[in-house]
Amino acid sequence: MHKKLLYTLICVFYLIGCTDETKVQSVSLNPTELTLNIGDTHQIEMLIEPISAIIYNPTSWQSSNPNVAQVDANGNVTAIYAGECIITGKTKHHEDYCHVMVVAPEYKLTFTNGIVFDEGIKHETNQRNLILRLYDNNITVDSTGAMSGNGLFLNINLYAPADSEKLPIGTYKTSDTINDFTILPGALRQEGNSYYATGSYLGQYTDNGLSALFLTEGEIIVENNGNYSIICSFTGAQAETIDATFNGTIDIYDTSQENKITTIEYTEATSEPIEITEEPTLNHIKISLSNNDTIVTFVARTPKSINSLPEGKYYISDNIMAYTLLPNDCYITSKEEKIAITSATLQVKENRYQANFTDINGIKYFIRSKESENIQKQKVKSFVN
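Rules behind the numbers
- Residue indices begin from 1 for each chain and proceed along its sequence in written order.
- Given that the model is predicted, a residue must reach a pLDDT of at least 70 before its local features are reported, and side-chain atom pairs must reach 80 or more before they are shown or counted; all residues, however, enter totals for whole chains, interfaces and linings.
- The basis for every side-chain value is the complete set of heavy atoms in the structure, and neither hydrogens nor water enter the calculation.
- Labels follow the DSSP assignment, with helices taken as runs of H or I lasting at least four residues and strands as runs of E lasting at least two, numbered in each case from the N terminus.
- Note on contacts: a residue pair is in contact if any heavy atoms of the two residues lie within 4.5 Å.
- Note that accessible areas follow from Shrake-Rupley with a 1.4 Å probe, and for residues the cover is restricted to the protein chains shown.
- Here, a strand pair is defined by DSSP locating no fewer than two bridges between the strands.
- For helices, the fitted line uses only the C-alpha atoms of the stretch in contact; every axis is such a line through C-alpha atoms, and the angle between N-to-C directions lies from 0 to 180 degrees.
- By nonpolar core we mean a set of buried residues, namely Ala, Val, Leu, Ile, Met, Phe, Trp, Tyr and Cys, connected to one another through side-chain atoms within 4.5 Å.
- Only protein chains enter the calculation, and the probe is 1.4 Å; a residue is then buried if its accessible area is under 20% of its type maximum, exposed if over 50%, and partly exposed in between.
- Known as pLDDT, the predictor's confidence for each residue is given on a scale from 0 to 100.

Undergrad: For this particular structure, what's the right way to read the overall build of the protein chain?
TA: Of the regular secondary structure elements, the protein chain holds 1 helix and 35 strands. A sequence separation of at least 24 residues applies to 52% of the contacts in the protein chain between residues at least 6 apart. As displayed, the protein chain offers around 21,300 Å² of accessible surface, 48% of which is attributable to carbon and sulfur atoms.

Written out as structure tokens, the structure reads:
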């Protein structure tokens, strides 16, 4: 009996002593819960048992949603934007998890400029559709809605009584049902392989296009005591809070009849450098867009260091600066009649041109390549804080 017990103990000690120190028995992460603000970085520790197995077993990391948080090969987690995700740390046969929450940001904004586009009566419900756009001095918006510059803006889709002529005072609230004094929440619309922002959203406009934070709930209060006073309070799709104020005058433009805009499709485009001695600090390039009936001519100011026409947006301005158009050298020629262009926004992208412009008679035009899509629609990307 004693010999049998002794034999059993020897086998147990032998098995314990012969445990393979190169094989992972368990993996655990520390911490397993993590709360970060946007832009924060935190390293998650991976604990491997036995510790001697670390050198024999490669590890890897993965994020369930890199748009919320990303993780590198050393377990460093970087918060990208509001939301939740799971970070997984693993070896070949073992893994553990860390739940990461990125706190939704708060935006407190003061805008200095406002514009309203009257889209006309929505006949199905008999409400007037108004697009209110609030923006700061870093952005320019023309009467067609074309934008240039870099900065933040609020795009708010309002519904007002059909008989209203301006932006009516009152309190507007978000609703999926269209009624007087309601706000259409923001949404993403797909057209083919592209996505576009609709409804109400906080936009970030840059040279690379539009990013949008969709507004899902909230209200605005509109008052007018000589100037408009607007207070906005919204919640975003990822629980962001957006508070904004505006005080000032608001221009209102009738955009209810899109057929008022004449569309021109050019079949030939040329560009050539020209010399303007009055502006020696800049280069100048003459752009001609033509078809069988019409020639549209723009003269662009470009940086002195660049000999070609850079991609980007150009608009007519009396300010002598790069990425603008000369006000007295833009015109449309049709049937031998040369008509001055008074306002324009020209977009240059991938050797193609597109422009919204108005001539001296107040006639609005839109010109694009016959083969190109409308790049005036801004594709939506992830919002950048």
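Undergrad: Help me out: how do you make sense of the sheet that holds strand β3 (residues 41-43) in this one?
TA: Backbone-to-backbone hydrogen bonds join strands into a sheet, with any given pair of strands oriented parallel or antiparallel. Pairing is antiparallel in the open sheet, where 3 strands are placed in the order β3-β7-β6. Strands at the two margins of the open sheet, each flanked by one partner only, are β3 and β6 (69-71). On average, each strand axis in the sheet is inclined to that of its neighbour by 20°, with strand direction left out of account. Both β6 and strand β7 (residues 76-79) contribute to a ladder of 3 bridges, which runs antiparallel. Along β7, the bridge assignment pairs alanine 69 with alanine 79.

Undergrad: Explanation requested: the nonpolar core in the structure shown.
TA: Considering soluble globular proteins, one finds that nonpolar side chains tend to be buried as a cluster. By size, the foremost hydrophobic cluster in this structure holds 29 residues, and its most contacted members are Leu132, Leu167, Ile220 and Ile230. Elements represented by at least two residues in this core include exactly β10 (106-111), β12 (127-135), β15 (151-161), β21 (209-224), β22 (228-236) and β23 (241-248). Among residues more than four places away in sequence, those in contact with leucine 167 are Val116, Leu130, Leu132, Leu158, Tyr172, Val222, Tyr228, Ile230, Ile250 and Ile252. Counting residues in each nonpolar core, the second largest holds 24 residues, with Val296, Cys330, Ala355 and Phe357 among its members.

Undergrad: Help me understand the pairing of strand β2 (residues 33-36), please; the structure alone is not making it clear to me.
TA: Within a regular beta strand, the side chains point alternately toward one face of the sheet and then the other, so they alternate between its two faces. Side chains Leu34 and Leu36 project from β2 onto a buried face, and the interleaved Glu33 and Thr35 project onto a face without burial. Here 4 bridges tie β2 to strand β9 (residues 95-102), and the two strands are oriented parallel to one another. Bridge pairing in β9 links leucine 36 to valine 102.

Undergrad: Looking at this structure, I do not really get the confidence of the model for the protein chain. What am I missing?
TA: Caution is warranted with low-pLDDT regions, since their predicted coordinates should not be read in detail. Averaged over all residues, the pLDDT of the protein chain is 86; the fraction at 70 or higher stands at 89%. Between residues 5-18, whose pLDDT stays under 50, and residues either more than four places distant or in other chains, the model counts 0 contacts. Confidence drops under a pLDDT of 50 for residues 372-382, and excluding neighbours within four residues, the segment shows 39 contacts in the predicted structure.

Undergrad: Would you take a moment to explain the environment of glutamine 354 for this structure?
TA: With respect to the helices, strands and loops of the structure, glutamine 354 is situated in strand β33 (residues 352-359). Assessed through its relative accessible area of 1%, glutamine 354 is described here as buried. For the pair glutamine 354 and lysine 313, spaced 41 residues apart in sequence, the C-alpha to C-alpha distance is 9.5 Å.

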